[in-house]
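Notes for the structure review
Spelled out, the chains give:
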Amino acid sequence: MRAAVLVPAPDYPEDWDWAFDVEAEVLRRAGVSVEPRPWTETGDLTEFDVVMPLVAWGYHFDPPRWHALLDRLEREAIPTLNPVPLLRWNSDKRYLAELGERGIAVIPTRIAEALDESSLAGARDEFGGTLVIKPPVSAAADGTFKLGHGDAVPPSALGKATLIQPFLPSISDEGEYSIMIFGGRFSHAIVKRPKTGDYRVQPHLGGSERSCTPPPGAIELATAALAAAPTQAAYARVDMVRDLAGALAVIELELIEPALWLQHAPDGGASFAAAILERLGK
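Residues numbered from 1 in each chain as written. Predicted model: local features only at pLDDT ≥ 70, side-chain atom pairs only at ≥ 80, totals over all residues. Heavy atoms only, no water.

When its secondary structure is counted, the chain shows eight helices and twelve strands. Over its C-alpha atoms the chain spans a radius of gyration of 19 Å, differing by no more than 12% from the 19 Å that the globule rule assigns to 282 residues. If you line up the chain on its principal axes, its C-alpha atoms span 55 × 40 × 35 Å. Of all 282 residues assigned to the chain, the portion counted as buried reaches 53%. For the chain, restricting intrachain contacts to residue pairs at least 6 apart in sequence, the fraction spanning at least 24 positions comes to 69%. For the chain, the accessible area works out to roughly 11,700 Å², and carbon and sulfur atoms hold 52% of it. (Helix = DSSP H or I, 4+ residues; strand = E, 2+ residues; numbered from the N terminus. Rg over C-alpha atoms; globule rule 2.2 N^0.38 Å. Buried < 20%, exposed > 50% of the residue type's maximum accessible area, 1.4 Å probe, protein only. Contact = heavy atoms within 4.5 Å. Areas by Shrake-Rupley, 256 points an atom, 1.4 Å probe, with all protein chains shown as cover.)

Pasting the structure below:
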């Protein structure tokens, strides 16, 4: 079986080989031939048995181009995992509001379609003084700001669609949990922590990760969140933190291009490869 794994554009500024190498090696051990293709320059994809955007980092830099690719994959009926409708839905973090409406515990989120000072004031009235803002189409903490009492709207965010959330100290104190689910089954978990003095857990910003036992209720919350998505995911990473009341809440569903941390999986990632092959009927 031949698989095209979508990777960043040639000019993407961050190191991505580490993520691709781990996931590609797991697939190759399962007998899958893997070829990287930049998501911005895919070429002909009809020759592949499946296309997977596992490392399509940077899609948020050019959403129209990303959605054009999704439309093309759908139009040409190219087998894609995760499925195109799920990729499209997961591309915009407004899905958090939808999950909340379906009864899933999510981090409290307000959506400002054109961020201004009144938007921040309303959020502070609801959430308290310290906020985190981010674009609804974003990744790798790009465009994310922590705003304290009296901090103004950052010029780069002014007038733009923005998610506003309370800052949760648990991210620094306990960390952010990532629960990996493959084919609907739990695989492994890690906890990510920011570097001292920061709140962002991404590796390129100094964050670190280690394998962990999921806290009570984490697997159940992850499973419920995925069940509320439009269609079943072959692979998923569900990120969650403790809210201000100490309860676990989903902060993000990663269904497009998540680091799956297969190096921490007890089975070496075999369940990931098995889920892909199972979905393809192999």
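Another aspect to go through is the packing of aromatic side chains. Enumeration over the complete set of coordinates arrives at ten aromatic pairs. Taken together, Tyr-12, Trp-18, Trp-57, Phe-61 and Trp-261 form an aromatic cluster joined through their ring pairs. Just above the ring of Phe-48 sits the side chain of Arg-2; from NZ or CZ to the centre is 4.6 Å. Against the face of Phe-167 rests Lys-146, its NZ or CZ located 4.0 Å from the ring centre. (Phe/Tyr/Trp six-rings, centres within 6.5 Å; stacked < 30°, edge-to-face > 60°. Lys NZ or Arg CZ within 6 Å of the ring centre and 35° of its normal.)

Relative to each other, helix α1 (residues 17–29) and helix α8 (residues 270–279) sit at 65°, their axes nearing to 9 Å. Regarding α1 and α8, the two cross each other, and that crossing is right-handed. Where α1 approaches α8, its residues Glu-23, Val-26 and Leu-27 are matched on the opposing element by Phe-272, Ala-273 and Ile-276. Partitioning the contact of α1 with α8 into residue classes produces five nonpolar, no polar and one charged. (Axes fitted to C-alpha atoms, helices over the stretch in contact; angles between N-to-C directions. Left-handed = near helix turned anticlockwise from the far one by under 90°. Nonpolar A, V, L, I, M, F, W, Y, C, P; charged D, E, K, R; others polar.)

On to the sheet that holds strand β3 (residues 50–52). Note: strands within a sheet are paired through backbone hydrogen bonds, in either parallel or antiparallel orientation. Across the sheet, which stays open at both edges, the three strands sit in the order β2-β1-β3 with parallel pairing between neighbours. The open sheet has two free edges, formed respectively by β2 (33–38) and β3, since each of these has just one partner strand. Averaged over neighbouring strand pairs, the angle between their axes works out to 25° when direction is ignored. As paired elements, strand β1 (residues 2–7) and β2 share six bridges and run parallel to each other. Looking across to β2, one finds that Val-5 is bridged to Pro-36. (Pairing = 2+ DSSP bridges.)

Take Leu-86: it is sitting in helix α3 (residues 84–90). Its relative accessible area of 0% is what places Leu-86 among the buried residues. Taking the C-alpha atoms as reference points, Leu-86 and Leu-255, 169 residues apart in sequence, are found 7.6 Å from one another. Contact partners of Leu-86, with chain neighbours within four places excluded, come to Ala-229, Pro-230, Thr-231, Gln-232, Ala-233 and Leu-255.

Taken together, four strands build an open sheet; the order of strands is β4-β7-β5-β6 and the sheet is antiparallel. Looking at which strands have only one partner, the edges of the open sheet turn out to be β4 (110–112) and β6 (145–147). Averaged over all pairs of adjacent strands, the angle between their axes in this sheet comes to 30°, without regard to strand direction. Along the sheet, helix α5 (residues 117–127) contacts β4, β5 (131–134), β6 and β7 (162–166); its crossing angle with β7, the most-contacted strand, is approximately 30°.

Let us look at helix α2 (residues 63–75). Helix length check: α2 (13 residues) gives 18 Å between terminal C-alpha atoms against 18 Å at 1.5 Å per residue, within 8%. The complete set of buried residues in α2 reads Trp-66, Leu-69, Leu-70, Arg-72 and Leu-73. Taken down its axis, α2 places every buried residue within 160° of arc, on the same side. Turned more than 90 degrees off the buried face of α2, the exposed positions are Pro-64 and Arg-75. (Expected span 1.5 Å × (residues − 1). Arc of directions from axis to C-beta.)

This next bit is on the pairing of β1. In terms of burial, β1 is a largely internal element, five of the six residues being buried. As defined by bridge partners, β1 adjoins β3 across three bridges and the pair is classed as parallel. When the sheet's bridge partners are listed, Ala-4 is paired in β3 with Val-51.

One turn of an α-helix holds 3.6 residues; hence residues three or four places apart share an orientation. By the burial criterion, the buried members of helix α7 (residues 218–227) are Ala-218, Leu-221, Ala-222, Ala-225 and Leu-226. The buried side chains of α7 occupy one side of the element, clustering within an arc of 130° when seen end-on. What points out from α7, more than 90 degrees from its buried face, is the exposed set Glu-220 and Ala-227. In this structure, the buried side of α7 is in contact with α4 (95–101), β8 (176–182), β11 (235–242) and β12 (248–254).

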